Amino acid sequence: MVTYCGMDPSVRQSGNYVGTKNRVTKRGSPFLRRSLYMAATTAIRKNGKGSLVNEVIYDYYQKKVQSKTRKQALGAVMNKLLRIIFSVLKSKQAFRVITPDEQVQLYQKCQTKAA
């Protein structure tokens, strides 16, 4: 799915050389990439009342901005949204915004049922 949208990183290496400035390949659909870009910029902004549109995605963006440039962090948000969209389509369940702590609790609850 990531490759279909053109969000996969390019690999630059030859022999012992491994490139560090890898970019997005842009092999996939430019329409999907543009849609993901718009969704990512909307997810990290504040609405008219000053509250965040999506707190979880905004926190993820802020964490990425500490170690990456803003455009790289936005690309990470786009990748995160793409994985969320794929998960929603795969599970055929409605999307709910949950924090990472709630995600861990749900995962642990599923693990105890299986054991």
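Residues numbered from 1 in each chain as written. Predicted model: local features only at pLDDT ≥ 70, side-chain atom pairs only at ≥ 80, totals over all residues. Heavy atoms only, no water.

## Digging into the overall build of the protein
Put simply, the test is: Secondary structure elements are taken from DSSP: a helix is a run of H or I of four residues or more, a strand is a run of E of two residues or more, and numbering for both begins at the N terminus. Note on method: radius of gyration uses C-alpha positions; expected globular size equals 2.2 Å times residues raised to 0.38. Surface accessibility follows the Shrake-Rupley procedure with a 1.4 Å probe radius. Residue values consider only the protein chains on display as shielding. A residue counts as positive if it is Lys or Arg and as negative if it is Asp or Glu; His and the chain ends are not included. The atoms used to mark charge sites are NZ of Lys, CZ of Arg, CG of Asp and CD of Glu.
A tally of regular secondary structure across the protein gives five helices and two strands. Against the compact-globule benchmark of 13 Å for 115 residues, the protein has a radius of gyration of 17 Å, which places it well outside the compact range. Carbon together with sulfur atoms contributes 54% to the accessible area of the protein, which is approximately 9200 Å² in total. Once the 22 positive and 5 negative side-chain charges of the protein are each reduced to a mean point, those two points are 11 Å apart.

## Considering unusual backbone geometry
Selection rule: For the exposure calls, accessible area comes from a 1.4 Å probe over protein chains only, and a residue counts as buried if that area is under 20% of its type's maximum, exposed if over 50%, partly exposed in between.
Although it is not a glycine, Lys 92 adopts a positive phi angle of roughly 55°. Structurally, Lys 92 is set in the loop between helix H4 (70-91) and helix H5 (100-114). According to the relative accessible area criterion, Lys 92 is exposed, its value standing at 75%.

## Description of the side chain of Asn 79
The criterion, for reference: By definition, residues are in contact when any of their heavy atoms lie within 4.5 Å.
Its location among the elements puts Asn 79 in helix H4. By relative accessible area, which is 19% here, Asn 79 ends up buried. Excluding residues that lie within four positions of it along the chain, Asn 79 makes contacts with Val 2 and Met 7.

## Thoughts on a positive patch on the surface
Put simply, the rule is: Patches here: salt-bridge-free residues with over 30% relative accessible area, like charges joined within 9 Å, nonpolar side chains (Val, Leu, Ile, Met, Phe, Trp, Tyr) joined within 5 Å. Throughout this description, the term salt bridge denotes a Lys or Arg side-chain nitrogen within 4 Å of a carboxyl oxygen of Asp or Glu.
On the surface, Arg 12, Lys 21, Arg 23 and Lys 26 cluster together to form a positively charged patch. As for its placement among the helices and strands, Lys 26 is situated in the loop between strand E2 (17-18) and helix H2 (30-43). Assessed through its relative accessible area of 58%, Lys 26 is described here as exposed.

## Here we look at the environment of Arg 33
Put simply, the rule reads: Counted as a polar contact is a pair of N or O atoms within 3.5 Å, where, for protein atoms, one must be capable of donating a hydrogen and the other of accepting one, and residues adjacent in sequence contribute only when both atoms are in side chains.
Looking at the element boundaries, Arg 33 is found in helix H2. Taking the C-alpha atoms as reference points, Arg 33 and Gly 6, 27 residues apart in sequence, are found 6.9 Å from one another. With residues near it in sequence (within four places) discarded, Arg 33 still touches Cys 5, Gly 6, Met 7, Lys 26, Arg 27, Gly 28 and Met 78. Reaching out from Arg 33, the side chain makes a polar contact with the backbone oxygen of Cys 5 at a distance of 3.2 Å.

## Considering the confidence of the model for the protein
Definition in use: The predictor reports its confidence for every residue as pLDDT, a score running from 0 up to 100.
Chain-level statistics for the protein give a pLDDT mean of 85 and a share of 97% at 70 or above. Taken element by element, the predicted model of the protein shows its lowest mean pLDDT in strand E1 (residues 13-14) (77) and its highest in helix H3 (residues 55-65) (92).

## Brief notes about the environment of Gln 66
Relative to the elements of secondary structure, Gln 66 occurs in the loop between H3 and H4. Of the residues examined, Gln 66 reaches a relative accessible area of 70% and is grouped as exposed.

## Some details on the packing of aromatic side chains
Note the cut-off: Ring pairs shown here join Phe, Tyr and Trp side chains whose ring centres sit within 6.5 Å, with only the six-membered ring taken for Trp; geometry is labelled stacked below 30 degrees between planes, edge-to-face above 60, and tilted in between. Charges are assigned to positions over rings by a cutoff of 6 Å between ring centre and Lys NZ or Arg CZ, combined with an angular limit of 35 degrees from the ring normal.
Evaluated as defined, the whole model comprises zero aromatic pairs. The lysine or arginine in question, Lys 80, covers the ring of Tyr 60, its NZ or CZ lying 4.9 Å from the ring centre.

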